[in-house]
Amino acid sequence: MVRKFGFLVVAILVLASICESAIFNPVSESHRSAALEIFSPSDGSFGSLEETYEALRTFEVLGIENKPDIRTSACASVVDTIWSTSSPLKDLFHALRLNGILKCELNNEALGGIASRLKDSLNDANSLFDFHYSVGGLVLIKDQISEVDVHLEDADKKFRSIKALSQSDGRWRISSSNTESSTDAAGIALETLAGVISLASSEIDQSLIATLKNDIVKLFDGIERYEDGACYFDEKLVDASRHQGPLSASSSVVRGITAFAATTSESLNLPGEKILGLAKFFLGIGIPGSAKDFYHQIDALSCLENIRGSIPLISSFPATVLSVTRKDQFKVRVSTVLGSASPPLSVKLMQIFTSGSKDASVVDQKLKFDADNAVHVLETLPENVGVGSYIFSFEVILDNPEEKKNYATGGRTKVSVHVTGVITVDSSEIAILDSDLGSTETQKKLELPGENAISLSANHLQKLRLSFRLTTPFGHAFKPHQAFLKLRHESGVEHIFVVGNSGEKFEILLDFLGLVDKLFYLSGKYDIELTVGDSVMENSFLQPLGSVELDLPDAPEKAARPPPLPVNPYSRYGPKAEISHIFRAPEKRPPRELSFAFLGLVLVPLIGFLAGLLYIRANLKNLPKSTVPATFAFLFHLGIAAVLVLYALFWLKLDLFTTLKVLGLLGMFLMFVGHKTLSHLASTSSKLKSS
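Summary of the structure given here. Keep in mind that what you see is a predicted model, and the values were worked out from it rather than measured.

1. Some words on the overall build of the chain
Each helix and strand in the chain was counted, giving 17 helices and 25 strands. In terms of overall size, the chain is more extended than a compact globule, its C-alpha atoms giving a radius of gyration of 45 Å where 691 residues would be expected to give roughly 26 Å. Of the contacts made within the chain by residues no fewer than 6 positions apart, 69% connect residues no fewer than 24 positions apart. Total accessible area on the chain stands at roughly 38,700 Å², and carbon and sulfur atoms take up 55% of it. Separation of charge centres in the chain, based on 67 positive and 78 negative side chains, amounts to 10 Å.

2. Here we look at the sheet that holds strand 6 (residues 314-316)
Pairing in this open sheet of four strands is antiparallel, and the strands run 6-8-12-11 from one edge to the other. The sheet is open, and its two edges are formed by strand 6 and strand 11 (368-370), each paired on a single side. Going across the sheet, the axis of each strand differs from the next one's by a mean of 30°, ignoring polarity.

3. Things to note about the state of the cysteines
Inspection of the entire model under this criterion finds one disulfide. The partner cysteine of Cys75 in its disulfide is Cys104, sulfur to sulfur 2.1 Å. Here the disulfide of Cys75 and Cys104 is left-handed, its torsion about the S-S bond being about -85°. Highlighted residues: Cys75 in helix 4 (residues 71-83) and Cys104 in the loop between helix 5 (89-102) and helix 6 (108-123), separated in sequence by 29 residues. We note that Cys231 lacks a disulfide partner, and the nearest cysteine sulfur, in Cys303, lies 18 Å from it.

4. Observations concerning the pairing of strand 20 (residues 482-489)
Of the strand pairs in this sheet, strand 20 and strand 24 (residues 524-533) are connected by eight bridges, and their pairing is antiparallel. Considered in strand 24, the bridge of Leu485 is made with Leu530. In sequence, strand 20 turns back onto strand 21 (residues 494-498) through a hairpin of four residues, with Gly492 there showing a positive phi of about 105°.

5. Some details on a negative patch on the surface
Among the surface-exposed residues, Glu490, Asp527, Glu549 and Asp551 lie close enough to one another that they form a single negatively charged patch. Note on placement: Asp551 falls in strand 25 (residues 541-551).

6. Considerations on the packing of aromatic side chains
Taken as a whole and judged by the stated rule, the model has 15 aromatic pairs. Seen from their ring centres, Phe220 and Phe233 are 5.4 Å apart, and the 80° between their planes marks the pair as edge-to-face. With Phe220 in helix 10 (residues 206-221) and Phe233 in the loop between strand 4 (231-232) and helix 11 (246-263), this pair connects stretches of sequence that are 13 residues apart. Like Phe233, Phe220 is buried. Ring-pair connections join several aromatic residues into one group, and the members of that group are Phe39, Phe46, Phe59 and Phe294. Lying over the aromatic face of Phe353, Lys414 brings its terminal NZ or CZ to 4.7 Å of the ring centre.

7. Focus: the pattern of salt bridges
Throughout the structure, instances matching the rule amount to 24 salt bridges. Between Arg255 and Asp299 there is a salt bridge, with its nearest N and O atoms 2.6 Å apart. In this pair, Arg255 is assigned in helix 11 and Asp299 in helix 13 (residues 291-306), connecting sequence segments 44 residues apart. Take Arg255 and Asp299: they sit in the same class, and that class is buried. We note a salt bridge from Asp426 to Arg469, for which the minimum N-O separation is 3.3 Å. Here Asp426 is found in strand 16 (residues 424-434), whereas its partner Arg469 is found in strand 19 (residues 462-471), with 43 residues between them in sequence.

8. A word on unusual backbone geometry
The omega torsion of the bond from Leu448 to Pro449 falls at -15°, within 30 degrees of zero and hence cis. Mapped onto the elements of the fold, Pro449 is located in the loop between strand 17 (440-445) and strand 18 (454-459). For Lys103, which is not glycine, the phi torsion reads 55° and is therefore positive. Inspection of the secondary structure puts Lys103 in the loop between helix 5 and helix 6. The phi dihedral of Phe520 is positive, around 60°, even though this residue is not glycine.

9. So, a nonpolar patch on the surface
Together, Phe596, Leu599, Leu603, Leu606, Ile607, Phe609, Leu610, Leu613, Tyr615 and Ile616 make up an exposed nonpolar region whose accessible area comes to about 1,100 Å². The topology assignment puts Leu610 in helix 15 (residues 592-615).

Thresholds applied
- Residues numbered from 1 in each chain as written.
- Predicted model: local features only at pLDDT ≥ 70, side-chain atom pairs only at ≥ 80, totals over all residues.
- Heavy atoms only, no water.
- Helix = DSSP H or I, 4+ residues; strand = E, 2+ residues; numbered from the N terminus.
- Rg over C-alpha atoms; globule rule 2.2 N^0.38 Å.
- Contact = heavy atoms within 4.5 Å.
- Areas by Shrake-Rupley, 256 points an atom, 1.4 Å probe, with all protein chains shown as cover.
- Lys, Arg positive; Asp, Glu negative; His and termini not counted.
- Charge placed at Lys NZ, Arg CZ, Asp CG, Glu CD.
- Pairing = 2+ DSSP bridges.
- Axes fitted to C-alpha atoms, helices over the stretch in contact; angles between N-to-C directions.
- Disulfide = S-S within 2.5 Å.
- Patch = residues over 30% accessible without salt bridge, like charges linked within 9 Å, V, L, I, M, F, W, Y side chains within 5 Å.
- Salt bridge = Lys/Arg side-chain N within 4 Å of Asp/Glu carboxyl O.
- Phe/Tyr/Trp six-rings, centres within 6.5 Å; stacked < 30°, edge-to-face > 60°.
- Buried < 20%, exposed > 50% of the residue type's maximum accessible area, 1.4 Å probe, protein only.
- Lys NZ or Arg CZ within 6 Å of the ring centre and 35° of its normal.

Right, here's the structure in full:
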C-alpha cells in the first residue's frame, strides 16, 4: 500500500507540473502506424483522386514502404481523367499530382493537350481556384516532362490578376465578387503566384514580388499564439460550408510560403520564432483522427522540413524526470520536424529556475554531444540542483554562423525538470508527555517507512508528540508537499492534522486538553496514521503507526455531536436487501368431483343435440354431389368444427387475445366457404322450382 501511494503521489504531481510547459517531439513511428490505419483502402481504392493523392503523399513523406498497392486502379483513373475532354480543372489538377507520385504511363501527346487546355482556362479564370488549378497543373507538367511548353508569355498580367484579390491584412478573397477574405485563400494564392513565377518566360516585375513579400509580413502579424509557444493561423467563419479550421488554414499558408520561398532568389526574412511556433503547433496536435487533418499535418511538416531559409529545429527530451537514485542524466535531442539530423550545433544550459520562484541561477554550461545516440547530455547536475522541481532554460547554438540563414532555433527554450530521489527518514519517534511538567511519560522509536505497531495510552491532561527528520541524497533538509497525521476513532470518526516543519525537523504536538471539543469527547481507541508524500520523493508513504487509547471526560450537554459517517457512494451499486413478499392466500375452490359433474352437465346439451339429429333422422341429401361444391361444403363444416375446438382450447390454455385473433381468421374463412356453399344450394333450389 505504501508503494502504491507513493507512485500515485509522484504520478499525479509530476503530471500536473509537466503540463505547465509542453514538450514537442518530431514525427515518430506512431505516426507511421497511424497512417496505415487512417488511410485504409476500401475495395482496392482510397476514393477520389484527391483522397488517393493525400494518402500516397502521406506515405511518401513518412517513408512508408509497406503500403497498399493501388497503382493499377489509381493509374487507370489518372489516364481516364486526363484523356477525358469533360474533366473539370480540379480533377485534372489532382490527376497530375497523383501522376507525379505514381509515374503512370502517359505520352507527350496527352500532357501536351492538357497543357494547352490549362493555358486556355487561365484566360477565362474568374476565381482564385481557377487560377490555382490551372497554374498548379502547368507546374506539375513542367516537373514531369520537359518536352511540353508550359511557359506563360503574359506572366505579369496573370500575377496582377491574382494579386488583385489580396486584402490589406494579408488575407485573400476567393473571387472578385466575394467580399470576404480568408487565411486559407492566402496560402492558395501564395502557392499559385509561386507557380506563375516558375512558369514565367521572362522575369517578373520585382516591385510585384516586393509587394507580395509585404503581404506575407502582414499575414504573419495576425498569427495566433499559445502560451507554450505554438503559433497558428486562425480562420474567420464567413461561410460555414467552406470554413477551414486552424489546421487546414495553417497548412495552406505553410504550403504557400514554402512554394514562394523556393521560386524567389531573395530571402523572405521569415520570423524564425513564428516558423518554429508553427512547427510546434503541427507537432503538438499529436495524431489527428481524420484522414484530411492527418494529411494537412504531415504535408505541412514536410514543407517546413524543406522551407528555404527557415527550417525549424525541434528540441525534444527523452526524459524530464531524473532520478538521483538511478543516476539519470538530462538529455536533449535536436532534429528537424520529421526527425532528420540537425546541422552541427551546441546546446547550452543557460539558467535554472526553482519551481515557484522567479529567482534564477546563471549556469552557462555546455552539454556534451553523444554522437552514437545523437543527443546532448548534461553529465552532472549543477551544485545548486537537488531533489525538487526546476525549470531549465537552454539555448541551441549553431556551430556555423552561416547556418542561421537556413535554420530557425527559436532562441531560449524552457522545460520543467523534476529531480527525484529516495528521501532518508530518521530521528523518528512518538511520545506521550505530561501536560503540566512537560516530562516524557512514554517514548517509542519509529521505523519510517516500515512496520510499526505501537500501543499508547493517554488522558485529556497529556499530549502526544510526533517528530521525524527528512534528508535528501545530497544531505539537504527536505520539505514535502504532504505531511499529515490522522487519528481514526473506533467508531469511524477521523481527524487530520498537518505536521509542521520547524527548521530541519518535522514535529506535531497534540494537546488533548485543547482538542476534546474537536474529538467530540469520544474516549476509546484511536488508530494513528502518518502520510508523507511529494512529487519528487520516490519513497512517499502512507504508514499506520499503531494506536492510542484516550481517556477523555464525559461530554457536556451542549457539546457538539460527532458528524454522521459518510455514506460510501459505491454502496448503492452493491447487493440490495432481499425483498420478502407474502402473497395472498388462494381462494377456496370447490371439490374436484363437483367440477367434473359441472363439466358433464355442460356437455349434456351437445350430446343431446347429436342424439336429436340421429332421432329425427336429419336430411343430408341436400349435400352437394359435384366436386367443387362438395369441397366447399366439407370445408364449411370443418371450419365450424375448428371453431368448436378453438373454444375448447380457450377453456384449457389459450388467452383471450390469441383466441380472438384465431377466431377472426376462422370467421373470414367460414364466411368465404359458407357463401360458396349457400350460393350453390340457392342455385340448385331455383333450378328445381323452374323445372
